[in-house]
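A closer look at the structure
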Amino acid sequence: MELMKSENIVQDRQPQPQEEEEIMQQEEEEEQRFHVLAVDDSVIDRKLLEKLLKASSYQVTCVESGEKALEYLGLLHHSSPASSSSQHHHQGSSWKDVPVVVMSSENVPSRISMCLEGGAEEFMLKPLQLSDLHKIQAHLLKSLPHS
Amino acid sequence: MDLVQLQRQFVDYRTSLYHEGFLDEQFTQLQELQDENNPDFVVEVVSLFFEDSERLLNELARALEQQSIDYKRIDAHVHQLKGSSSSIGAQRVQKVCIAFRNYCEEQNVEGCLKCLQQVRHEYSLVKTKLESLFQVRLPCRREIFFLSKMVLP
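The rules we used
Along each chain, the written sequence defines residue order, and numbers are assigned to residues from 1. Chain letters and ligand numbers both follow the written order, the letters beginning at A and the numbers at 1. It should be noted that, the model being predicted, local features are given only for residues of pLDDT at least 70 and side-chain atom pairs only at 80 or more, the latter also being counted only at that level, while totals for whole chains, interfaces and linings use all residues. Hydrogens and water molecules were not included; the side-chain quantities draw on all heavy atoms of the structure. A helix here means a DSSP run of H or I that spans at least four residues, while a strand means a run of E at least two residues long, and both kinds are numbered starting from the N terminus. Residue contacts follow a heavy-atom distance rule, with two residues in contact if any of their heavy atoms lie within 4.5 Å. Only protein chains enter the accessibility calculation, which uses a 1.4 Å probe; a residue whose area is less than 20% of its type maximum is buried, one above 50% is exposed, and one in between is partly exposed. By this rule, a helix spans an expected 1.5 Å times one less than how many residues it contains. Here a cavity means grid points, on a 1 Å grid over the protein atoms only, where a 1.4 Å probe fits yet cannot get out; a pocket means an open set of points with protein on both sides within 12 Å along at least five of seven lines; lining residues are those with an atom within 4 Å of a point. Grid points are joined across faces, edges and corners, and a volume is the space filled by probe spheres set on the points. Gly is put with the polar residues, along with every residue not named as nonpolar or charged; the nonpolar set is Ala, Val, Leu, Ile, Met, Phe, Trp, Tyr, Cys and Pro, and the charged set is Asp, Glu, Lys and Arg. UniProt positions are given in the numbering used here, feature names are shortened, and annotations may be inferred rather than shown by experiment. When two parts are brought into contact, each loses some accessible area as probed by a 1.4 Å sphere; the total of that loss over both is the buried area. In the sections that follow, a salt bridge refers to a side-chain nitrogen of Lys or Arg positioned within 4 Å of a carboxyl oxygen of Asp or Glu. In protein, a polar contact means a hydrogen-donor-capable atom and an acceptor-capable atom, both N or O and within 3.5 Å, with residues adjacent in sequence counting only if both atoms are side-chain atoms; elsewhere, any N or O pair within 3.5 Å suffices. Centres within 6.5 Å make a pair out of two Phe, Tyr or Trp rings, where for Trp the six-membered ring is used; the pair is then stacked when the planes are under 30 degrees apart, edge-to-face when over 60, and tilted otherwise. We call a charge positioned over a ring when the NZ of a Lys or the CZ of an Arg lies within 6 Å of the ring centre and within 35 degrees of the ring normal.

Let's talk about the overall build of chain B
Within chain B one finds seven helices and zero strands. Partitioning the intrachain contacts of chain B with sequence separation of at least 6 by distance along the chain shows that 65% fall at a separation of at least 24.

As for the environment of V42 of chain B
Residue and element names in this part refer to chain B. With respect to the secondary-structure elements, V42 resides in helix 3 (residues 41–65). The class for V42 is buried, based on a relative accessible area of 4%. Along the chain, V42 and R120 lie 78 residues apart, while their C-alpha atoms are 22 Å from each other. If we ignore the near neighbours within four places in the chain, the residues touching V42 are F27, L30, Q31, Q34 and F134.

Examining helix 2 (residues 43–55) of chain A
Residue and element names in this part refer to chain A. Look at helix 2: 18 Å from first C-alpha to last across 13 residues, which is about the 18 Å you get at 1.5 Å a residue. When helix 2 is considered as a whole, its buried residues turn out to be I44, D45, R46, L48, L49, K51, L52 and L53. After helix 2 finishes, the residue S57 shows a positive phi value of roughly 65°.

Points about empty space enclosed by the protein
Inspection of the entire model under this criterion finds two cavities of 30 Å³ or more. Computed from the structure, the largest cavity encloses a volume of approximately 70 Å³. Lining the largest cavity are D40, D45, L48, L49, L52, M103, K126, P127 and L128 of chain A together with S87 of chain B. Among the elements that take part in the lining of the largest cavity, helix 2 of chain A stands out by supplying four residues, more than any other. Counted by class, the lining of the largest cavity contains six nonpolar, one polar and three charged residues.

Structural notes on the UniProt feature "modified residue: Phosphohistidine" (unreviewed entry) in chain B
According to UniProt, the positions carrying the feature "modified residue: Phosphohistidine" (unreviewed entry) are H79 of chain B. Structurally, H79 of chain B can be placed in helix 4 (residues 71–88).

What to know about the interface of chain A and chain B
Accessible area lost upon the coming together of the parts serves often as the stated size of an interface. Across the boundary between the two partners, chain A contributes 15 residues, which contact 22 residues of chain B. Interface area for chain A against chain B, summed over the two sides, is near 1600 Å², with a carbon-plus-sulfur share of 62%. Between the two partners, chain A and chain B, sit three salt bridges. E44 of chain B is the salt-bridge partner of K47 of chain A, the closest N and O atoms lying 2.8 Å from each other. Connecting chain A to chain B are eight residue pairs in polar contact (both at pLDDT 80 or more). Among the elements that make up the side of chain A that touches chain B, the one with the highest residue count is helix 2 of chain A (eight residues). Residue composition of the side of chain A that touches chain B, grouped by class: eight nonpolar, two polar and five charged.

Topic: the packing of aromatic side chains
Centre-to-centre distance and the angle between the planes together describe a pair of aromatic rings. Residues and elements named next belong to chain B. Within this structure, the stated rule accounts for three aromatic pairs over all chains. Consider the rings of F49 and F50, whose centres lie 6.2 Å apart with planes at 50°: the pair is tilted. Here the two residues F49 and F50 agree in accessibility, since each one is buried. Between F50 and Y123 the ring centres are 6.2 Å apart and the planes differ by 80°, which places this aromatic pair in the edge-to-face class. On the criterion of sequence distance, the pair formed by F50 in helix 3 and Y123 in helix 6 (residues 109–135) is long-range, its members being 73 residues apart. Joined through ring pairs, the aromatic side chains of F49, F50 and Y123 make up one cluster. Stacked on the ring of F22, the Lys or Arg R92 has its end atom at 4.0 Å from the ring centre. Sitting over the ring of F50, K127 keeps its end group 5.3 Å from the ring centre.

A look at the UniProt feature "domain: HPt" (unreviewed entry) in chain B
UniProt's feature table lists "domain: HPt" (unreviewed entry) at residues 38–133 of chain B, given in the numbering used throughout. Helix and strand shares over residues 38–133 of chain B are 88% and 0% respectively, and the end C-alpha atoms of the span are 18 Å apart.

Considerations on the environment of L113 of chain B
All names here are of chain B. Looking at the secondary structure, you find L113 in helix 6. Here L113 falls in the partly exposed class, since its relative accessible area comes to 38%. Expressed as a C-alpha distance, the spacing of L113 and R55, which sit 58 residues apart in the sequence, is 17 Å.

Pasting the structure below:
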């Protein structure tokens, strides 16, 4: 699971003044919501994860494999499919600072250590509950770089 | 049967499923995630579980029929079934999967076949019980509102 700051919304028509204010408000709210890329090969777990994350006020995109995740992030020799607008640009493709949380149904200490030493922010044991997400929320907010 | 009785029946039946070990607290979590924006969430997740499990059970049966059994492949399928049953709180299915994986590791075909039969049995039990549960499902607030409109003059 990765956290990335919400992308800017590109509007493709001229909004009315009142509408503009609403859109700006919505943009601000979405700026503050974090966008999580959730990776799991189980369709059941993806559905559950999506709901858990949305219930915790995250924006969510679910993909079914590590490869699809890399593709989504534009790290697999394709141009980034994450944005449908040609006006949108990533700041390079450096996702290095994005926190990664690893999940597993298996409680194998050596593997968990390996993930944490490899740079994962947190490890969570499946099945996940809302309380698990609440626990890491503050932790993740602290770990984000401040501009 | 009136609404209060229906609600009571639902709660009692659900409680019995917990007591008999068919469901655990993960199922409670699913219910807690259901809301007005997603009123069919539990049914949707459980339906996905049914579909996915049936696929896995078929794969397992096929894999165990092979001349040369691929235990790694079987273990991978059982691992998936263990994971999904755990995610929805189908505790008894999950428990059989744990035993199943042990037999895979031992490359014990008899043990595996026995577990396949057991997991099929537990799966069909929990499926029947969940289907019954949803037939007596607790009406959401909107349904109660409309019902009371119909009942009152």
